[in-house]
Amino acid sequence: EKTQLLQETYAELKQVKGKLPEAQLAKAEENILKGDTEAAEQIFDTVADESGRIAARAAFWSGRLAEDRLDYTKAMRQYTKAVALKEDSPDYLLAAGRMACTLADYDRAQELLIKIPNDMSDDQVSDFIDLAMQLLYDTGKYREMSILMIFNITQLATYMPIKTGY
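Quick caveat: nothing in here was measured; it's all calculated off a predicted structure.

(A) Local environment of the overall build of the chain. Across its full length, the chain holds 9 helices and 0 strands. Out of the 166 residues belonging to the chain, those deemed buried represent 39%. In the chain, the proportion of contacts linking residues at least 24 apart, taken out of those at least 6 apart, comes to 51%. Of the roughly 9,700 Å² that the chain leaves accessible, carbon and sulfur atoms contribute 53%.

(B) Quick peek at unusual backbone geometry. Although it is not a glycine, L70 sits at a positive phi angle of roughly 70 degrees. Mapped onto the elements, L70 comes out in the loop between α4 (53-68) and α5 (72-85). With phi around 60 degrees, A104 is a residue other than glycine that occupies positive phi space. Judged by its relative accessible area of 46%, A104 is partly exposed.

(C) Fine view of the packing of aromatic side chains. Counting across every chain of the model gives 4 aromatic pairs. Judged by centre distance (6.0 Å) and plane angle (90 degrees), the ring pair of F60 and W61 falls under edge-to-face. Arranged with centres 5.9 Å apart and planes meeting at 40 degrees, the rings of F60 and Y79 form a pair that is tilted. You can see F60 sitting in helix α4 and its partner Y79 sitting in helix α5, a full 19 residues away along the chain. For F60, a relative accessible area of 8% puts it in the buried group.

(D) Quick peek at the environment of S89. Looking at the element boundaries, S89 is found in the loop between α5 and α6 (90-102). Taking the relative accessible area as the measure of exposure, S89 reaches 8% and is therefore buried.

(E) Summary view of the packing of α6 against helix α8 (residues 122-138). Running from N to C, α6 and α8 point in directions that differ by 20 degrees, and their axes come no closer than 10 Å. The pairing of α6 with α8 is recorded here as roughly parallel in orientation. α8 is crossed by α6, and the crossing has left-handed handedness. Judged by residue contacts, P90, D91, L94, G97, R98, C101 and T102 of α6 engage Q124, D127, F128, L131, Q134, L135 and D138 from α8. Across the contact of α6 with α8, the residue classes break down as 6 nonpolar, 4 polar and 4 charged.

(F) Region of the structure containing the packing of helix α3 (residues 38-48) against α5. Two numbers describe how α3 lies on α5: the axes approach to 12 Å, and their chain directions differ by 40 degrees. With respect to α5, the axis of α3 lies oblique. Where α3 crosses over α5, the two elements pack in a sense that is left-handed. Between α3 and α5, the contacting residues are E41, D45 and A48 on the first element and K74, Q78, K81 and L85 on the second. Grouping the amino acids of the contact of α3 with α5 by side-chain chemistry returns 2 nonpolar, 1 polar and 4 charged.

(G) View of the nonpolar core. Formed by 43 residues in total, the largest nonpolar core has its most connected members in L13 and I43. With sequence-adjacent residues up to four places away left out, I43 is seen in contact with L13, V16, L20, Q24, L25 and A28.

What counts, and at which threshold
Residues numbered from 1 in each chain as written. Predicted model: local features only at pLDDT ≥ 70, side-chain atom pairs only at ≥ 80, totals over all residues. Heavy atoms only, no water. Helix = DSSP H or I, 4+ residues; strand = E, 2+ residues; numbered from the N terminus. Buried < 20%, exposed > 50% of the residue type's maximum accessible area, 1.4 Å probe, protein only. Contact = heavy atoms within 4.5 Å. Areas by Shrake-Rupley, 256 points an atom, 1.4 Å probe, with all protein chains shown as cover. Phe/Tyr/Trp six-rings, centres within 6.5 Å; stacked < 30°, edge-to-face > 60°. Axes fitted to C-alpha atoms, helices over the stretch in contact; angles between N-to-C directions. Parallel < 35°, antiparallel > 145°, perpendicular 65-115°, else oblique. Left-handed = near helix turned anticlockwise from the far one by under 90°. Nonpolar A, V, L, I, M, F, W, Y, C, P; charged D, E, K, R; others polar. Core = buried A, V, L, I, M, F, W, Y, C linked by side-chain atoms within 4.5 Å.

As C-alpha coordinates, then:
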(Lines give C-alpha, C1' and ligand atoms only; values in the text may rest on other atoms or scores of the structure.)
Protein backbone atom coordinates (compact mmCIF):
# COMPACT_ATOMS: atom_id res chain seq x y z
CA GLU A 1 0.00 0.00 0.00
CA LYS A 2 2.86 2.40 0.81
CA THR A 3 4.51 1.60 -2.54
CA GLN A 4 1.27 2.37 -4.36
CA LEU A 5 0.90 5.66 -2.48
CA LEU A 6 4.46 6.62 -3.42
CA GLN A 7 3.85 5.77 -7.09
CA GLU A 8 0.59 7.70 -7.17
CA THR A 9 2.18 10.68 -5.40
CA TYR A 10 5.01 10.71 -7.92
CA ALA A 11 2.49 10.73 -10.78
CA GLU A 12 0.44 13.50 -9.14
CA LEU A 13 3.51 15.72 -8.83
CA LYS A 14 3.68 15.71 -12.63
CA GLN A 15 0.28 17.47 -12.62
CA VAL A 16 1.66 20.52 -10.80
CA LYS A 17 4.65 21.07 -13.08
CA GLY A 18 4.82 24.71 -14.00
CA LYS A 19 3.17 25.81 -10.76
CA LEU A 20 6.41 25.76 -8.76
CA PRO A 21 10.16 25.96 -9.44
CA GLU A 22 11.51 22.92 -11.27
CA ALA A 23 14.23 22.39 -8.61
CA GLN A 24 11.59 22.08 -5.88
CA LEU A 25 9.66 19.48 -7.90
CA ALA A 26 12.85 17.57 -8.70
CA LYS A 27 13.76 17.44 -5.00
CA ALA A 28 10.29 16.15 -4.10
CA GLU A 29 10.47 13.49 -6.83
CA GLU A 30 13.92 12.43 -5.62
CA ASN A 31 12.65 12.17 -2.03
CA ILE A 32 9.67 10.07 -3.11
CA LEU A 33 12.04 7.58 -4.71
CA LYS A 34 13.63 7.30 -1.24
CA GLY A 35 10.21 6.78 0.38
CA ASP A 36 9.89 10.31 1.81
CA THR A 37 6.75 12.30 0.94
CA GLU A 38 7.34 15.40 3.10
CA ALA A 39 8.55 17.61 0.23
CA ALA A 40 5.68 16.44 -1.99
CA GLU A 41 3.19 17.23 0.76
CA GLN A 42 4.64 20.74 1.07
CA ILE A 43 4.26 21.24 -2.69
CA PHE A 44 0.66 20.08 -2.57
CA ASP A 45 0.06 22.44 0.39
CA THR A 46 1.40 25.38 -1.64
CA VAL A 47 -0.66 24.57 -4.74
CA ALA A 48 -3.76 23.90 -2.60
CA ASP A 49 -3.68 27.52 -1.44
CA GLU A 50 -4.47 28.62 -4.99
CA SER A 51 -7.88 28.22 -6.66
CA GLY A 52 -9.34 25.94 -9.27
CA ARG A 53 -9.31 22.27 -10.16
CA ILE A 54 -5.57 21.81 -9.64
CA ALA A 55 -5.84 23.34 -6.16
CA ALA A 56 -8.61 20.90 -5.25
CA ARG A 57 -6.50 17.98 -6.45
CA ALA A 58 -3.47 19.27 -4.53
CA ALA A 59 -5.54 19.65 -1.34
CA PHE A 60 -6.79 16.08 -1.76
CA TRP A 61 -3.23 14.76 -2.17
CA SER A 62 -1.98 16.80 0.76
CA GLY A 63 -4.77 15.17 2.78
CA ARG A 64 -3.82 11.68 1.62
CA LEU A 65 -0.21 12.20 2.62
CA ALA A 66 -1.20 13.71 5.98
CA GLU A 67 -3.52 10.75 6.57
CA ASP A 68 -0.68 8.37 5.78
CA ARG A 69 1.39 10.13 8.47
CA LEU A 70 -1.61 9.80 10.84
CA ASP A 71 -2.07 13.58 10.99
CA TYR A 72 -5.84 13.27 10.85
CA THR A 73 -6.52 16.90 11.74
CA LYS A 74 -4.55 18.15 8.75
CA ALA A 75 -5.98 15.42 6.53
CA MET A 76 -9.54 16.49 7.40
CA ARG A 77 -8.68 20.15 6.83
CA GLN A 78 -7.22 19.38 3.39
CA TYR A 79 -10.04 17.04 2.37
CA THR A 80 -12.53 19.72 3.42
CA LYS A 81 -10.66 22.24 1.27
CA ALA A 82 -10.77 19.84 -1.71
CA VAL A 83 -14.53 19.39 -1.26
CA ALA A 84 -15.05 23.16 -1.01
CA LEU A 85 -13.14 23.67 -4.28
CA LYS A 86 -14.85 20.81 -6.15
CA GLU A 87 -18.11 19.88 -4.41
CA ASP A 88 -19.19 17.16 -6.84
CA SER A 89 -16.10 14.92 -6.64
CA PRO A 90 -16.96 11.48 -5.23
CA ASP A 91 -13.28 10.88 -4.43
CA TYR A 92 -13.00 14.05 -2.35
CA LEU A 93 -16.35 13.52 -0.62
CA LEU A 94 -15.54 9.89 0.19
CA ALA A 95 -12.10 10.77 1.58
CA ALA A 96 -13.57 13.54 3.73
CA GLY A 97 -16.38 11.24 4.88
CA ARG A 98 -13.98 8.47 5.86
CA MET A 99 -11.83 10.94 7.75
CA ALA A 100 -14.89 12.39 9.52
CA CYS A 101 -15.76 8.83 10.66
CA THR A 102 -12.17 8.31 11.81
CA LEU A 103 -12.46 11.51 13.87
CA ALA A 104 -15.87 10.37 15.19
CA ASP A 105 -17.58 13.38 13.57
CA TYR A 106 -20.55 11.29 12.45
CA ASP A 107 -22.84 14.20 11.63
CA ARG A 108 -20.25 15.59 9.23
CA ALA A 109 -19.67 12.13 7.75
CA GLN A 110 -23.39 11.78 7.09
CA GLU A 111 -23.55 15.24 5.48
CA LEU A 112 -20.72 14.28 3.14
CA LEU A 113 -22.23 10.89 2.35
CA ILE A 114 -25.50 12.51 1.31
CA LYS A 115 -23.69 14.91 -1.06
CA ILE A 116 -21.99 12.15 -3.07
CA PRO A 117 -23.40 12.17 -6.62
CA ASN A 118 -24.95 9.07 -8.17
CA ASP A 119 -22.58 8.88 -11.13
CA MET A 120 -19.80 6.93 -9.47
CA SER A 121 -17.34 4.36 -10.78
CA ASP A 122 -17.57 0.77 -9.52
CA ASP A 123 -14.71 1.41 -7.08
CA GLN A 124 -16.42 4.56 -5.79
CA VAL A 125 -19.70 2.65 -5.30
CA SER A 126 -17.80 0.07 -3.26
CA ASP A 127 -16.15 2.83 -1.21
CA PHE A 128 -19.55 4.50 -0.74
CA ILE A 129 -21.06 1.27 0.61
CA ASP A 130 -18.05 0.76 2.90
CA LEU A 131 -18.39 4.30 4.25
CA ALA A 132 -22.15 3.91 4.78
CA MET A 133 -21.58 0.60 6.60
CA GLN A 134 -18.84 2.12 8.76
CA LEU A 135 -21.05 5.09 9.63
CA LEU A 136 -23.98 2.85 10.58
CA TYR A 137 -21.75 0.53 12.61
CA ASP A 138 -19.94 3.35 14.42
CA THR A 139 -23.22 5.01 15.35
CA GLY A 140 -24.78 1.77 16.59
CA LYS A 141 -27.42 1.54 13.86
CA TYR A 142 -27.10 -2.21 13.44
CA ARG A 143 -30.63 -2.77 12.11
CA GLU A 144 -30.06 -0.24 9.33
CA MET A 145 -26.68 -1.80 8.69
CA SER A 146 -28.21 -5.26 8.24
CA ILE A 147 -30.81 -3.82 5.85
CA LEU A 148 -28.05 -2.19 3.82
CA MET A 149 -26.13 -5.48 3.80
CA ILE A 150 -29.17 -7.37 2.49
CA PHE A 151 -29.81 -4.66 -0.09
CA ASN A 152 -26.16 -4.73 -1.11
CA ILE A 153 -26.12 -8.52 -1.53
CA THR A 154 -29.33 -8.35 -3.59
CA GLN A 155 -27.88 -5.61 -5.78
CA LEU A 156 -24.65 -7.52 -6.26
CA ALA A 157 -26.54 -10.69 -7.21
CA THR A 158 -28.45 -8.69 -9.79
CA TYR A 159 -25.43 -6.73 -10.99
CA MET A 160 -22.84 -9.52 -11.24
CA PRO A 161 -24.42 -11.52 -14.12
CA ILE A 162 -24.68 -8.38 -16.23
CA LYS A 163 -21.18 -7.19 -15.42
CA THR A 164 -19.34 -10.50 -15.77
CA GLY A 165 -21.50 -12.20 -18.41
CA TYR A 166 -22.32 -15.23 -16.23
